[in-house]
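This is what each chain is made of:
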Amino acid sequence: MRLDPIDQRIIALLQEDARSSYAEIGERVALSAPAVKRRVDRLRSSGVIRGYTALIDPGAVGWTTEAFVELFCTGRTSPQQIRAAAKRHPAVVGAYTISGEADALVHLRAMDMAGLEEALERLRGEPFVTSTRSMIVLSRLVETLAPRMMEDPGTGAAPPPS
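Predicted model, so just to flag it, every value in this text is computed and none were measured.

Visitor: Can you help me understand helix α4 (residues 79-88) in this one?
Guide: Among the residues making up α4, those that are buried are Ile82, Ala85 and Ala86. Buried residues along α4 cover an arc of 100° about the axis, so they all sit on one side. In α4, the exposed residues that point more than 90 degrees away from the buried face are Gln80, Lys87 and Arg88. Contacts from the buried residues of α4 go to β1 (65-73), β2 (92-97) and β3 (104-110).

Encoded structure:
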């Protein structure tokens, strides 16, 4: 689906605050609230917008320890096997196949170092994992769910200022 500059601006505004009303967004993109709703409905039905969620500060709910773990797997391990294993572990908040020496990168969050160690040991217990390499997160500097819509990919033009 091709996004025009107004679609991109609507997406950017929803990324800033998904609770904005269609009327508020419409004021910022020079459309009526019903026109914004039609565009958002189209973006949702085409899969561009997959849903809305509340962003929770992990530290505020006690998840203060996190790590990125490189998984080294047996030769015929598929991405589906890694995905299924990652979903079995509640401490896994992200899992990715990657290029380089490791086969996958897993993001773990736990309440403390003991919880992180326990999660790591369970992950190491998966039959296809031959070894791991862990990096403990000291501080989170930037974290978003998706890149912000900043430019029109067709023209490279920045969206109008807010």
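Visitor: Whenever I open this one, the UniProt feature "domain: HTH asnC-type" (unreviewed entry) in the protein chain confuses me. Can you help?
Guide: UniProt feature "domain: HTH asnC-type" (unreviewed entry): in the numbering of this structure it lies at residues 3-64. Across residues 3-64 one finds 53% helix and 0% strand; the C-alpha atoms that close the span lie 38 Å apart.

Visitor: Honestly, the side chain of Glu66 in this entry has me stumped. Any pointers?
Guide: Tracing the backbone shows Glu66 in strand β1. In terms of polar contacts, Glu66 uses its side chain to reach the side chain of His107, at 2.6 Å. Dropping the residues within four chain positions of it, Glu66 is found in contact with His107, Leu108, Arg109, Leu116, Met135, Ile136, Val137 and Arg140.

Visitor: Quick question: what am I supposed to make of the pairing of β2 here?
Guide: Across a regular strand the side chains alternate sides, sitting on one face of the sheet and then on the other. Judged from the five bridges that link them, β2 and β3 form a sheet pairing that is antiparallel. Bridge assignment links Val92 to a residue of β3, and that residue is Leu108. Linkage of β2 to β3, two consecutive antiparallel strands, is achieved through a turn of six residues, within which Gly100 is found at a positive phi near 105°.

Visitor: Help me understand a nonpolar patch on the surface, please; the structure alone is not making it clear to me.
Guide: Together, Ile56, Val61, Trp63 and Met111 give the surface a local cluster of nonpolar side chains, amounting to about 410 Å² of exposed area. Among the structural elements, Val61 can be located in the loop between α3 (33-45) and β1.

Visitor: Explain the sheet that holds β2 here, please?
Guide: In any sheet, the strands associate via hydrogen bonds between backbone groups, in a parallel or an antiparallel arrangement. The four strands lie next to each other as β2-β3-β1-β4, forming an open sheet whose pairing is antiparallel. Bordering the open sheet on either side are β2 and β4 (129-136), each of which pairs with just one other strand. Looking at each pair of strands side by side, their axes are set apart by 20° on average, direction ignored.

Visitor: Would you explain the packing of helix α1 (residues 5-16) against α3 in this entry?
Guide: A pair of packed helices is characterised by two quantities: the angle between their axes and the separation of those axes. Between α1 and α3, the shortest axis-to-axis distance is 11 Å and the interhelical angle comes to 85°. In terms of their interaxial angle, α1 and α3 are classed as roughly perpendicular. Along its contact with α1, which presents Ile6, Asp7, Ile10, Ile11 and Leu14, the element α3 presents Val36, Arg39, Val40, Arg42 and Leu43. Of the residues in the contact of α1 with α3, the class split is seven nonpolar, no polar and three charged.

Quick notes on the rules
- Residues numbered from 1 in each chain as written.
- Predicted model: local features only at pLDDT ≥ 70, side-chain atom pairs only at ≥ 80, totals over all residues.
- Heavy atoms only, no water.
- Buried < 20%, exposed > 50% of the residue type's maximum accessible area, 1.4 Å probe, protein only.
- Helix = DSSP H or I, 4+ residues; strand = E, 2+ residues; numbered from the N terminus.
- Arc of directions from axis to C-beta.
- Contact = heavy atoms within 4.5 Å.
- UniProt positions renumbered as here; feature names shortened; annotations may be inferred.
- Polar contact = N/O pair within 3.5 Å; in protein donor to acceptor, adjacent residues only side chain to side chain.
- Pairing = 2+ DSSP bridges.
- Patch = residues over 30% accessible without salt bridge, like charges linked within 9 Å, V, L, I, M, F, W, Y side chains within 5 Å.
- Areas by Shrake-Rupley, 256 points an atom, 1.4 Å probe, with all protein chains shown as cover.
- Salt bridge = Lys/Arg side-chain N within 4 Å of Asp/Glu carboxyl O.
- Axes fitted to C-alpha atoms, helices over the stretch in contact; angles between N-to-C directions.
- Parallel < 35°, antiparallel > 145°, perpendicular 65-115°, else oblique.
- Nonpolar A, V, L, I, M, F, W, Y, C, P; charged D, E, K, R; others polar.

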